[in-house]
Structures are given as structure tokens and as C-alpha cells.
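Architecture and fold: a report
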Amino acid sequence: MNSSTTYLTMKNKFAVISIILSIVIIGCIINLNLEIAALYKAAGGKKIALFGLTEMQFFYKYYFLIPGIIGLVLAIKSYSKELKEFSFFTIVLSIISIVAIFLRLWVYFVQR
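Quick caveat, the model's predicted, so the values are computed rather than measured. (Residues numbered from 1 in each chain as written. Predicted model: local features only at pLDDT ≥ 70, side-chain atom pairs only at ≥ 80, totals over all residues. Heavy atoms only, no water.)

All right, on to the overall build of the protein then. Across its full length, the protein carries six helices and zero strands. Across the protein, helices and strands are ordered from the amino to the carboxyl terminus as α-α-α-α-α-α. Its C-alpha atoms give the protein a radius of gyration of 18 Å, clearly above 13 Å, the size a compact globule of 112 residues would have. Here the C-alpha coordinates of the protein stretch approximately 65 × 25 × 15 Å along the principal axes. Burial status across the protein gives 34% buried among its 112 residues. Total accessible area on the protein is roughly 7,500 Å²; 72% of this is exposed by carbon and sulfur atoms. (Helix = DSSP H or I, 4+ residues; strand = E, 2+ residues; numbered from the N terminus. Rg over C-alpha atoms; globule rule 2.2 N^0.38 Å. Buried < 20%, exposed > 50% of the residue type's maximum accessible area, 1.4 Å probe, protein only. Areas by Shrake-Rupley, 256 points an atom, 1.4 Å probe, with all protein chains shown as cover.)

What follows is the structure, given as C-alpha cells:
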């Protein structure tokens, strides 16, 4: 193996790690939002009015930013002209996983 193929192989490893991190983060965030939606459905009257306080119990979801940012850094580091589409996919998936942390997705899981 020459040095250029070794370099591409290392970049591919970074990309795969980034994809795995992003998928795990998205799965965890969806699971958290399903839990919040279940709590909202079970809440009644005054609890719905003050549901923001209940939602604050899930503040730890922001800790998912750490692996999300690591995944984004790895995705950017894995960028190569030879694998342009794959590299673009890893970067976009990492950004989606970071943005999903800040979105209140549970609102879309609740039927009104």
C-alpha cells in the first residue's frame, strides 16, 4: 500500500465513525422526544400549562452535542475530492444530528 491509499483509508475510517456517531445521536434524540411526548400525553390541565418545567428534566439531551461536534469534526476531516458525495453525506448527517438536539421534535409526535 502506498501512502495515498493509506491516507484515504484513514479518511474513510473517520467518515464511518462520523456516520455511526450521527446515527446513534439521532436515535437517542428521537427516543428522548418520544419520552417527552408520552409525558405530555399523560399530563392534564395545569401540568400542560407548566409543561416547560417537566421538559427541563430532559436537559441532559444537550450533552449529545459533544459527540455531535466530534462527529462533525471527523466528517470535515474525512473530506476528500475522490469521495466528494460520501464526504458531503457525512457532513450533512452530522449537521442534522446537531440540529436535531435543539429542535422540539416531541411536538410533532403529539396528536392534537
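What follows deals with the pattern of salt bridges. In total, this model carries one salt bridge according to the counting rule given. With a closest N to O distance of 3.1 Å, Arg104 and Glu55 form a salt bridge. Highlighted residues: Arg104 in the loop between α5 (84–102) and α6 (106–109) and Glu55 in helix α3 (residues 51–55), separated in sequence by 49 residues. (Salt bridge = Lys/Arg side-chain N within 4 Å of Asp/Glu carboxyl O.)

The predicted model of the protein averages 89 in pLDDT, with 92% of residues at 70 or higher. In the model of the protein, helix α2 (residues 46–49) stands out as the element of lowest mean pLDDT, 84, in contrast to helix α4 (residues 65–77), which has the highest, 95. (pLDDT = per-residue confidence, 0-100.)

The topology assignment puts Asn33 in helix α1 (residues 3–42). On the basis of relative accessible area, Asn33 is assigned to the buried category, the value being 2%. Sequence spacing of Asn33 and Ile98 is 65 residues, and the spatial spacing of their C-alpha atoms is 15 Å. If we ignore the near neighbours within four places in the chain, the residues touching Asn33 are Leu103, Arg104, Leu105, Trp106 and Phe109. (Contact = heavy atoms within 4.5 Å.)

Our focus in this paragraph is the packing of aromatic side chains. Scanning the model with the defined rule gives six aromatic pairs in all. Here Tyr40 and Trp106 contribute two aromatic rings whose centre-to-centre distance is 5.2 Å and whose plane-to-plane angle is 50 degrees, an arrangement assigned as tilted. Residue Tyr40 is located in helix α1, and its partner Trp106 is located in helix α6; the two are separated by 66 residues in the primary sequence. Under the relative-accessibility criterion, Tyr40 is labelled buried at 17%. (Phe/Tyr/Trp six-rings, centres within 6.5 Å; stacked < 30°, edge-to-face > 60°.)

Right, let's get into the side chain of Lys61. For Lys61, the location among the structural elements is in the loop between α3 and α4. Those residues in contact with Lys61 that lie beyond four places of it in its chain are Ile29, Leu32, Ile101 and Leu103.

So, on to the nonpolar core. By size, the foremost hydrophobic cluster in this structure holds 15 residues, and its most contacted members are Ile29, Ile36, Tyr40, Phe51, Ile101, Trp106 and Val110. Tallying contributions element by element places α1 first for this core, with six residues. Look past the residues within four positions of Val110 in its chain and what remains in contact with it is Ala37, Tyr40 and Lys41. (Core = buried A, V, L, I, M, F, W, Y, C linked by side-chain atoms within 4.5 Å.)

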